[in-house]
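Below are the chains, spelled out letter by letter.
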Amino acid sequence: MKLNTGINSAFPSQMVSEEEKKSLEYGLLVGQAIEYEWFRGGRVNGSRWNTGYQNFHNLRLYARGEQNVQKYKDELSINGDLSYLNLDWKPVPIIPKFVDIVVNGISEKNYDLNAYAQDPTALKQRTDYAFKLMSDMQNKDFLAAAQQELGMDFSQSNEKNNLPSNIKELEVYMQLDYKQSIEIAEEEAINNTLAFNKYQLTKKRIVEDIVTIGIGAIKTTFNKSNGVVVDYVDPANLVYSYTNDPNFEDIYYVGEIKSMTLAEIKKKFPYLTDEEMEKMVRYPGRDGYIANPNYDNDLVQILFFEYKTFIDQVFKIKKTDSGLEKTLEKPDYFNPPPSDNFDRVSRSIEVLFSGAKVMGVPQMLEWKMAENMTRPNSDVTKVNMNYVICAPNLYQGRIESLVSRCTSFADMIQLTSLKLQQVIQRMVPDGVFVDVDGLAEVDLGNGTNYNPQEALNMYFQTGSIVGRSLTQDGDPNRGKVPIQELQTSASNAKIQSLINTYQYYLQMIRDVTGLNEARDGSMPDPNALVGLQKMAANASNIATKHILNASLYLTLRACENISLRLADALQFGLTNQALQNSLNQFNVNTLEEISKLSLHDFGIYLELEPEEEEKAMLEQNIQVALQSQQIYLEDAIDIREIKNLKLANQVLKFRRIKKQQADQLLQQSQIEAQAQANAQTAEKAAMNEVQKQEALAQTEIQIEQAKSQFEIQRMEQEALIKKQLMAEEFNYQIQLAQAKIGRDKEKEQFIEDRKDKRTKIQATQQSKMIEQRQNDLLPTDFESAGNDNLDGFGLEQFMPQ
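The notes below deal with the structure included here. (Residues numbered from 1 in each chain as written. Predicted model: local features only at pLDDT ≥ 70, side-chain atom pairs only at ≥ 80, totals over all residues. Heavy atoms only, no water.)

Here we look at the overall build of the protein chain
To keep it simple, the criterion reads: What counts as a helix is a DSSP run of H or I of at least four residues, what counts as a strand is a run of E of at least two, and both are numbered from the N terminus. For each residue, the accessible area found with a 1.4 Å probe, counting protein chains only, is set against the maximum for its type, and the residue is called buried under 20%, exposed over 50%, and partly exposed in between. All accessibility values rest on the Shrake-Rupley procedure with a 1.4 Å probe; residue burial counts only the protein chains present in the view.
Per the secondary structure count, the protein chain includes 24 helices and 17 strands. Looking at the protein chain residue by residue over its 801 residues, the buried ones come to 35%. Only carbon and sulfur atoms are counted for the fraction: they give 51% of the accessible area of the protein chain, which is about 49200 Å².

Right under this line is the structure:
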């Protein structure tokens, strides 16, 4: 067996037979080569693994605000002496704030998982359906006429009410509305697998790793008990081959170191003997490979790894007597002499070997060709690693993270905070200076002593000071102002300077990470417009877009591996039944298609929810269309549910065109209906006019007949009335004649009666006149009032009125 592939490589040669590669000795050489690359013969301190582990550990402490404070103590101490410092050494948690903002913001990003069947069978089914739609589009009028005449539907598709009107609309329809049942089954199976493995929680840990240490990893496996399993992998425990690819596509080995108890090892590898178990913990030099800093003597470090190599598949093509060819698989060493009866063909395919080795001990717990290897259907000679790793800022093996960019500034913020504590501790209140010699020259004159205590009492109570400008000898008194106030305002300037320094380094963190104030909302400008705030937040989102892309890449690759491993789950009754039970039991088509998943090749796509700015632009277009009544409210609801903005705008344009066509048809039908209504109205008006004229003529006839009847009745009535009048007149004439006769008779009677009265009056007057003459009396007044009444008949009624 060849031990090395080159001078600088510790790995065994890959140019060996398949039989040798499957041997346990070959696996041990691979495991020891991995150990050598990462631990360099057992030197944990300074090794590649330890350097990376300590770096990741320190970054995670910074991300938690729990970094080691010894560096700050060394900075402020004098020869290691901290006896004069009484400070709170707890780190200022600045970086955790920014880590939480990015992690929580990206973890809340929603996406839809779309499975696209791209195998020949599914493509043919999709193409056939598209041709059916095109046929129905071209024969739309003919099909409608045939259905109206014959009462039968001859369309090939089921989209009579939602039939596309042109090729572009057909393309959008096939992307949005057309979904094969096998694709629905695949999407539900992947989503249920992710939900069963609680991938939402795993995703948040992955995003936190990418933000904190700059690398994230997950692992997809399959076992008969749990089916498809998606596990979180701590990048600090990873080992992998050298690469410059941020997506680690070109690595040929990858693994992780796990600390396990002997009980766990025995449970996982039950075939191990007691001697082998004892060897794990008693082997000399094993302590040099202890990878766990929290060393526990009961823990054993196990390296689980995958090694990608190749094997030759050899086939014997035998020709039968009937002229047919028969294929037989042979070992890779099969190399018979040329023959006319058969041929030898071969191809090289990639394979994975999985191994488990005890760190620091030349002992392999497992080495075998991996079962259920995931191979892309587009190239079955390739094999996918079970590990999916992504480090977006990888360069020449060095990994950079968001946290690593700002650790130095976080250190300066911590030092500034400690200095601020020192300044605050050393601040003293304003004091006074007392010149005792100056007080000794002062005599209050009341017999009391003017000592420093009395002077301070007077100063603090009244603010006044008594002093002398001359001494008792008459010389100028230099202490004429015995009490002077001391100003200690220098600390305020220091505090303000430290605060400005603190803000400077905080702004530096924002500058190097791209997380501005608009992203975290810490200092919103009240004068800034909402649009400017959104633009600033959008710029911050762009600065961290690589983290989002890395998390989406890991999710997408995990979904692809799940898709390939679902075919394995269907081969076993237990996992097959569990998979079917996890799906929607009411989706009969999905359950029927599950058994066909292994026959299809799927492309997995993640459709990310658009940004707020993009959604706002789409919503603005929708609102304009709604206000101008160019789309229906139902169209707006459907468009808002489309996460692909390009397709959403396409659908908006198509819905507007359909609405315009519908409005035109409605307007045309309204015009036709109005014209028909006008014609019917005119016809009804003409008929009404004829009926009116007929009614008028009939009415006139009836009126004339009525007039004739009325005239006849009038004449008859008139004749009757005249007859009655004549009879009545006759009666009146008779009565008048009788009345006239009676009146004439009364008149004559009255005349006769008056004549008799006058005769009597004249006789009376004559007798009185005679008596006057005879008796020579005074003249008699015959007009006296008392004499006007003749037998009750007064003559005054004959007086003129």
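Still to come is the rest of the account.
Regarding the pairing of strand β10 (residues 387-390)
What counts here: Between any two strands, at least two bridges found by DSSP are needed for them to pair.
A two-sided burial pattern is seen for β10, the buried positions comprising Y387 and I389 on one face and V388 and C390 on the other. In this structure, strand β2 (residues 216-223) lies alongside β10, joined through four bridges in antiparallel fashion. Looking at β10, one finds that G216 is bridged to C390.

So, the side chain of T212
Keep this limit in mind: Polar contact criterion, stated in full: a pair of N or O atoms within 3.5 Å, where within protein one must be able to donate a hydrogen and the other to accept it, and residues adjacent in sequence count only if both atoms are side-chain atoms.
Residue position: T212 is located in helix α10 (residues 199-212). Assessed through its relative accessible area of 2%, T212 is described here as buried. Of the polar contacts made by the side chain of T212, one reaches the backbone oxygen of E208; its length is 2.7 Å.

Points about the sheet that holds β10
Which entries qualify depends on this criterion: In this description, a line fitted to the C-alpha atoms serves as the axis of each element, helices being fitted only across the stretch in contact, and the angle between N-to-C directions of two axes falls anywhere from 0 to 180 degrees. Here, two residues are considered to be in contact whenever any of their heavy atoms come within 4.5 Å of each other.
The three strands are arranged β3-β2-β10 in an open sheet whose pairing can be described as antiparallel. Single-partner strands in this sheet number two, and they are β3 (227-232) and β10. Across the sheet, the axes of successive neighbouring strands diverge by a mean angle of 15°, strand direction being ignored. Of the pairings in the sheet, the one linking β2 to β3 comprises six bridges and is antiparallel in character. Bridged to F222 within β3 is V228. Together, β2 and β3 form the strand contacts of α10, whose direction differs from that of β2 by roughly 145°.

Describing the pattern of salt bridges
Formally: Within this document, salt bridges are pairs made up of a side-chain nitrogen of Lys or Arg and a carboxyl oxygen of Asp or Glu, the two lying within 4 Å of each other.
According to the stated counting rule, one finds 17 salt bridges in the structure shown. Put simply, R714 and E711 hold a salt bridge, and the shortest N to O gap is 2.2 Å. One end of the pair, R714, and the other, E711, are both in helix α24 (residues 645-775), three residues apart, so they sit about a helical turn from each other. Here E718 makes a salt bridge to K722, at a shortest N to O gap of 3.4 Å.

Quick notes on the packing of aromatic side chains
Given two aromatic rings, one states the distance between the centres and the angle between the planes to describe the pair. Let me state the cut-off plainly: Side-chain rings of Phe, Tyr and Trp (the six-membered ring for Trp) are treated as a pair once their centres are within 6.5 Å; stacked means planes under 30 degrees apart, edge-to-face means over 60, and tilted covers the remaining angles.
One pass over the full model with this rule turns up 15 aromatic pairs. The interplanar angle of 20° and the centroid separation of 4.6 Å between the aromatic rings of W49 and Y53 together place this pair among those described as stacked. Taken as a pair, W49 and Y53 lie in helix α3 (residues 48-64) at a separation of four residues, close to a single helical turn. Judged by relative accessible area, which is 17%, Y53 ranks as buried. Each ring, one from Y504 and one from Y505, has its centre 5.1 Å from the other, and the planes form 70°; the classification is edge-to-face.

Focus on unusual backbone geometry
Its identity as a non-glycine residue notwithstanding, K198 has a phi of 50°, on the positive side. For K198, the position within the fold is in the loop between α9 (181-196) and α10. Not every positive phi belongs to a glycine, and F248 is a case in point at roughly 55°.

Quick look at a negative patch on the surface
Just so we agree on the cut-off: Patch definition: residues with relative accessible area over 30% and no salt bridge; like charges joined within 9 Å; nonpolar side chains (Val, Leu, Ile, Met, Phe, Trp, Tyr) joined within 5 Å. A residue counts as positive if it is Lys or Arg and as negative if it is Asp or Glu; His and the chain ends are not included. Taken as the charge centre is NZ of Lys, CZ of Arg, CG of Asp or CD of Glu, depending on the residue.
Among the surface-exposed residues, D744, E748, E752, D753 and D756 lie close enough to one another that they form a single negatively charged patch. Locating E748 in the fold gives a position in helix α24.

Notes on the packing of helix α5 (residues 95-107) against α10
For the record, the criterion: By the definition adopted for this analysis, an angle is roughly parallel if under 35 degrees, roughly antiparallel if over 145, roughly perpendicular if from 65 to 115, and oblique otherwise. Each crossing is labelled by how the near helix is turned from the far one, with a counterclockwise turn of less than a right angle marking it left-handed and a clockwise turn marking it right-handed. As a working rule, the residues Ala, Val, Leu, Ile, Met, Phe, Trp, Tyr, Cys and Pro are called nonpolar, Asp, Glu, Lys and Arg charged, and the rest polar, with Gly in that last group.
Packing of α5 against α10 brings their axes to within 9 Å, and their N-to-C directions diverge by 140°. Classified by the angle between their axes, α5 and α10 sit oblique to one another. Two packed elements cross with a definite hand, and for α5 against α10 that hand is right-handed. Listed contacts from α10 to V99, V102, V103, N104, I106 and S107 of α5 are Q200, K203, K204, V207, E208, V211 and T212. Tallied by class, the residues present in the contact of α5 with α10 amount to six nonpolar, four polar and three charged.

Re the environment of C390
In this fold, C390 is placed in strand β10. Note: C-alpha distance between C390 and P235 (155 residues apart in sequence) is 10.0 Å.

Quick look at the side chain of K21
Tracing the chain through its elements places K21 in helix α1 (residues 18-21). The class of K21 is buried, set by a relative accessible area of 1%. A distance of 3.0 Å separates polar atoms of two side chains, one belonging to K21 and the other to T309. Within the local environment of K21, its side chain forms a polar contact with the backbone oxygen of F310, the two atoms lying 2.4 Å apart. Look past the residues within four positions of K21 in its chain and what remains in contact with it is Q14, V16, Y26, T309, F310, F353 and W367.

Comments concerning the nonpolar core
A general feature of soluble globular proteins is that nonpolar side chains tend to end up buried together. Put simply, the rule reads: Residues belong to a common nonpolar core when they are buried Ala, Val, Leu, Ile, Met, Phe, Trp, Tyr or Cys residues joined through side-chain atoms within 4.5 Å.
Judged by nonpolar contacts, the single largest core of 104 residues is most densely connected at I34, I215 and I389. It is helix α19 (residues 545-569) that contributes the most residues to this core, ten residues altogether. When neighbours within four sequence positions are excluded, I389 is seen to be in contact with I215, G216, A217, L238, P246, N247, F248, I251, V254, Y553 and L554. Judged by nonpolar contacts, the second largest core, of 14 residues, contains A625, I631, I639 and L647.

Things to note about the packing of α3 against α5
Relative orientation of the contacting elements α3 and α5 amounts to 90°, with a least axis distance of 6 Å. As the angle between them shows, α3 and α5 are arranged roughly perpendicular. Across from Y62, A63 and R64 in α3, the residues of α5 making contact are I95, P96 and V99.

Brief notes about α5
Spelled out, the test is: Given a helix with a known number of residues, its expected span is that number minus one, times 1.5 Å. The directions considered for the arc are those from the helix axis to the C-beta atoms.
The end-to-end C-alpha separation of α5 is 18 Å, in line with the 18 Å expected for 13 residues at 1.5 Å each. The complete set of buried residues in α5 reads I95, P96, F98, V99, V102, V103, I106 and S107. For α5, the angular spread of buried residues about the axis comes to 165°, placing them on one side.

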